[in-house]
Each structure stands twice: as C-alpha cells, then as structure tokens.
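Below, each chain spelled out in residue letters.
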There are 2 protein chains.
Amino acid sequence: MEHKTISLADQVFENLENDILSGKYARGELLTESKLSLSMGVSRTPIREALRRLSQEHIIEETGKGSVVVGITEEDLRDIFFIRRKIEPECAAMAAKNRTDEQIAKLREAVEFQEFYLGKKDTEKIKLMDSRFHETIYNMSASTVFSDVLVPLHRKIQKYRKASVSNKSRAAASVDEHRKIFEAIEAGNEEKTYELFAKHLENAYNHMFGKEK
Amino acid sequence: MEHKTISLADQVFENLENDILSGKYARGELLTESKLSLSMGVSRTPIREALRRLSQEHIIEETGKGSVVVGITEEDLRDIFFIRRKIEPECAAMAAKNRTDEQIAKLREAVEFQEFYLGKKDTEKIKLMDSRFHETIYNMSASTVFSDVLVPLHRKIQKYRKASVSNKSRAAASVDEHRKIFEAIEAGNEEKTYELFAKHLENAYNHMFGKEK
DNA sequence: ATCAGCATAATTGTATACAATTATACCATT
DNA sequence: AATGGTATAATTGTATACAATTATGCTGAT
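These notes cover the structure that comes with them. (Residues numbered from 1 in each chain as written. Chains lettered and ligands numbered in written order. Predicted model: local features only at pLDDT ≥ 70, side-chain atom pairs only at ≥ 80, totals over all residues. Heavy atoms only, no water.)

1. With respect to the packing of helix α2 (residues 33-40) of chain A against helix α3 (residues 44-56) of chain A
Residues and elements named next belong to chain A. Running from amino to carboxyl end, α2 crosses α3 at an angle of 120 degrees, the nearest separation of the two axes being 9 Å. The chirality of how α2 crosses α3 is right-handed. Where α2 abuts α3, its residues Glu-33, Leu-36, Ser-37 and Met-40 lie against Arg-44, Ile-47, Arg-48 and Leu-51. Partitioned by chemical class, the residues of the contact of α2 with α3 number four nonpolar, one polar and three charged. (Axes fitted to C-alpha atoms, helices over the stretch in contact; angles between N-to-C directions. Helix = DSSP H or I, 4+ residues; strand = E, 2+ residues; numbered from the N terminus. Left-handed = near helix turned anticlockwise from the far one by under 90°. Contact = heavy atoms within 4.5 Å. Nonpolar A, V, L, I, M, F, W, Y, C, P; charged D, E, K, R; others polar.)

Written as structure tokens, this is what we have:
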C-alpha cells in the first residue's frame, strides 16, 4: 500500500478547475478566498494555492479583490488546437524514439481500457483514459518542455463541457486511431507515429469545428 | 503616482528564478523553505508561493522534503526553440492583425531603445528590451493561449546564462530584424510578419547551436 | 562491528492571527 | 436631493503556530 496522500491544495485545485471548466462557476463570477474556504471546509492556505495555480493557467484572473472566473472560450479552443497540431506530432515521434517497456505497458492499458469502455458506452471513463493516453505520450517524449506546454492545454480541452467526446462515431474512430498510434509507438516507428498523430489531431479538430476552415 | 506595489511573493519568485537560471544555484542543489525564509528575510508563506510557481515551470522539483534545483538544460533549449519556431510566427501574424495604436507605440519604443543600447554596447539593457519586444507581440496577438505558452518559454531562454546575446554581430543583426518585423506589424502585413519572424527565429537558432542541425 | 529500534530533529502541510489596503455604506452638510 | 467624508467591513498579503510525516543519528544488544 503506497497510496500517495493527495494534499488538500491539490484537491481544491482539481475541484475548482473542474467546476470552472465544466461551467458550474460561470464566466465573470467572483470568487473570494474566504467564501471558498467556508464552502469547501478548508482553511484559506490551500485555497490560495489552488487559486494561484488557476490564475497561472488563466482559468481565473486575480484582481486584488477577489478572483474573476475566466474559463475557456471557443477562441481558446481554436488556439489550443492550432498549437497542438503544430507540436504534438513531434512529441509523439519523440515518444516512439524514447519509449520504455513500462511506458509501453501503460499506454497499451490506456488503449485497451478505452476499447473496453467504448463497448460499455461509458463516456466519462473514455475521456479519463483519453487523458491517460495523451499524457503518457507526453511523458514518454522525455521532454519536460513539451510536457509542460501540452499537459495544461490538453487538460483544458478535456474538461471543457462543450468538448464532449460523447458523439459516438467520433469516439469510436478516436479510439481506433489511438490503437494504431500505439502500435506505431510500440514499433518505434517515428515517421509513422508522426503522421498518424497529425491525422488524429486533424480529425479531432474537424469534428469539433466542422470541416470548413 | 500609481506605483503598483509588488508583493513579496513576486519578488521572491523573480529573485529565485534569476538565481537559478543564471547559475547561482547549481543544478541538483536542495532548497528548503526555512533556509530561504531565513536568508531572504521573509516568512515561509511568500517563499512557498514562489517555489510552487517555479515548480510549475519545472525550474525546480518539489520532492516533499525540499526542492531540487532543475534549471534548464541544453536539450530544453532545443525543445523551446523547436516550439517557438513552430508557433511564434503565427502569433506575430496575429499581432499584425490585432494591433492597436498603443501597442504599436510600445513596440516601436522597444525597438528604438534596442537600437540605442546597441550603440552603447549595453547588453543587459538590450536583453531587457528584447524581452519587452517579444512579450509585447505576445500581448498584441490578443490570445491568452499563445501568450501563456510563449511567455515562460521566452523567459527561460532569456535568463539562461549561456544564452548571452552578447555576441555583438548577432545582437546587431537581431535588432535589425526586430526593426523590420516591427515595420511589417505596423503595416498590418500578416504574411510578411510571419516570414520575417520565422527567419528571425531560424537565425537565432543557428547562432545558438551552429548551422549544422 | 553491525544492525535494529527508538528518540530527536527537520521539513512540509495546514490553520489561524494579524496587518494593510480598498470598497461600501451611512451620515452630515449644503 | 446631492455630495463628500468618515467609519466600517471585506478582502488580500504576510507571519506564525501547530500537526504530521520523514529523515537522521544515537544507543544498545548480539
């Protein structure tokens, strides 16, 4: 049993990020440390920490007198996809190059779980495994720079309520693409990984915004 | 006089980031909150806040028992340049599109100061104005996503001690390129801005790592 | 001499107390 | 009624106190 205890600050961050990106807290709403402290039942210290992290990721904006909820706009979504399409295929290719057995196992597991939950039509779990798939690849690249850039971008997209991958057809296709990407990474085929990944992101983009560009 | 008072936490962050990226604190060194608190003469609270931010940018790594200095490696530099070359020209093109008079004025000022300090051979000031030039462009893009990604990347490069733009020939060429980029942005010419910027980054990269790739 | 175990110290995590700043509301004056 | 000023309250910034965990070193037994 080596259960890593998660700090209150981390939990608060998780909850707040979720509540904001999922729309529970509306854009423009004002959050204060005291009220959050009261409503969440923890002291201001962990609250402050979480707010600072959210502020750094531009999910809220600290005004000096409360924090205003910013959330994420459709324009943000487009920018995020633009950046991901420009750099994430390269990151995946690096993963194919630097892969370790342990990471390959973890990636395979993410794919297999996605296939399993696809059958169950459990979209929440599918999204969870989607995060694991992509973040595992970020780690496999062995580049903290790529990881630091891509993790927050992916998290924002992932949790955005409108970005529901609930559309069944896309979900199935997406999982299928993950399977093929996984195989390319496992085989260490950098070029193929790059191309499959670029196509994967293009498809996701087109599905989200429509074919017309 | 509306001097925005800078919080202790911000100052601590600035100082620590500088000390780490400039090499004062060596890679692998262990920082503890108590010692920093003592040596900097402030309580642990602002220290913690600064450490968290540094950790989020992977400049240090929190181990649960002190924070290990990570700094920035040459591999990081390459990754940063890769990403910048992929997305920063687009950001500059957006700046050319969304420019405002006020921002144009600020950008012009940055270029003119650089030209002035180039004559004075004041490399520190040149670097400072280089930061202002690039960060102004990030702001002009009016995209928080691009800005959030690019600002930390540029800061890391900027402060890296080996990345001294002290080489006179490159400094002169760089300032000249800034001037031309500024003119393209002022004119609102997106395509030209994109191309000039791409070339600017390519030149900076080649100067730092040598032509061979 | 070596190793186990326990006491001690060092460190982070959290809560609370206090300071400083800023908004707000109320009251008095015109 | 409008305005200005002042007291009050709300909020963040900082410091400190306390809790919990973990490393460290010492002591004693074999």
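2. As for the packing of aromatic side chains
Here the distance between the centres and the angle between the planes together describe a pair of aromatic rings. Taken as a whole, this structure holds 12 aromatic pairs over all chains when the rule is applied. Both rings, one in Phe116(B) and one in Tyr117(B), keep their centres 5.3 Å apart while their planes meet at 65 degrees; by these two values the pair is edge-to-face. Arranged with centres 4.9 Å apart and planes meeting at 45 degrees, the rings of Tyr205(B) and Phe209(B) form a pair that is tilted. With a gap of four residues between them, Tyr205(B) and Phe209(B) both fall in helix α9 (residues 190-209), about one helical turn apart. Phe209(B) matches Tyr205(B) in its accessibility class, with the two residues each being buried. Sitting over the ring of Phe13(A), Arg53(A) keeps its end group 3.8 Å from the ring centre. It is Arg85(B) that lies over the ring of Tyr205(B); its NZ or CZ is 5.0 Å from the centre. (Phe/Tyr/Trp six-rings, centres within 6.5 Å; stacked < 30°, edge-to-face > 60°. Buried < 20%, exposed > 50% of the residue type's maximum accessible area, 1.4 Å probe, protein only. Lys NZ or Arg CZ within 6 Å of the ring centre and 35° of its normal.)

3. Re the pattern of salt bridges
Between side chains of opposite charge, a pair can form as their charged atoms come close. Within the structure shown, the criterion is met by 34 salt bridges over all chains. The salt bridge partner of Glu17(A) is Arg155(A), with a shortest N-O separation of 2.7 Å. Highlighted residues: Glu17(A) in helix α1 (residues 8-21) and Arg155(A) in helix α7 (residues 144-159), separated in sequence by 138 residues. Across this residue pair, the class does not change: Glu17(A) and Arg155(A) are buried. Each of Glu33(A), Arg44(A), Arg48(A), Arg52(A), Glu62(A) and Glu49(B) takes part in a single network of salt bridges with overlapping partners. (Salt bridge = Lys/Arg side-chain N within 4 Å of Asp/Glu carboxyl O.)

4. What about the protein's contact with DNA strand D?
Around DNA strand D, a shell composed of 18 residues is seen, among which Arg48(A), Arg52(A), Leu8(B), Ser43(B) and Thr45(B) lie nearest. Near-protein atoms of DNA strand D (within 4 Å) split between backbone and bases, with sugar and phosphate holding 58%. One of the side-chain nitrogen or oxygen atoms of Arg44(A) is found 3.1 Å away from a base nitrogen of DNA strand D. The separation between a phosphate oxygen of DNA strand D and a polar main-chain atom of Gly66(A) is 3.3 Å. A breakdown of the residues in the surface near DNA strand D according to their chemical character gives four nonpolar, six polar and eight charged. (Near = heavy atom within 4 Å. Polar contact = N/O pair within 3.5 Å; in protein donor to acceptor, adjacent residues only side chain to side chain.)

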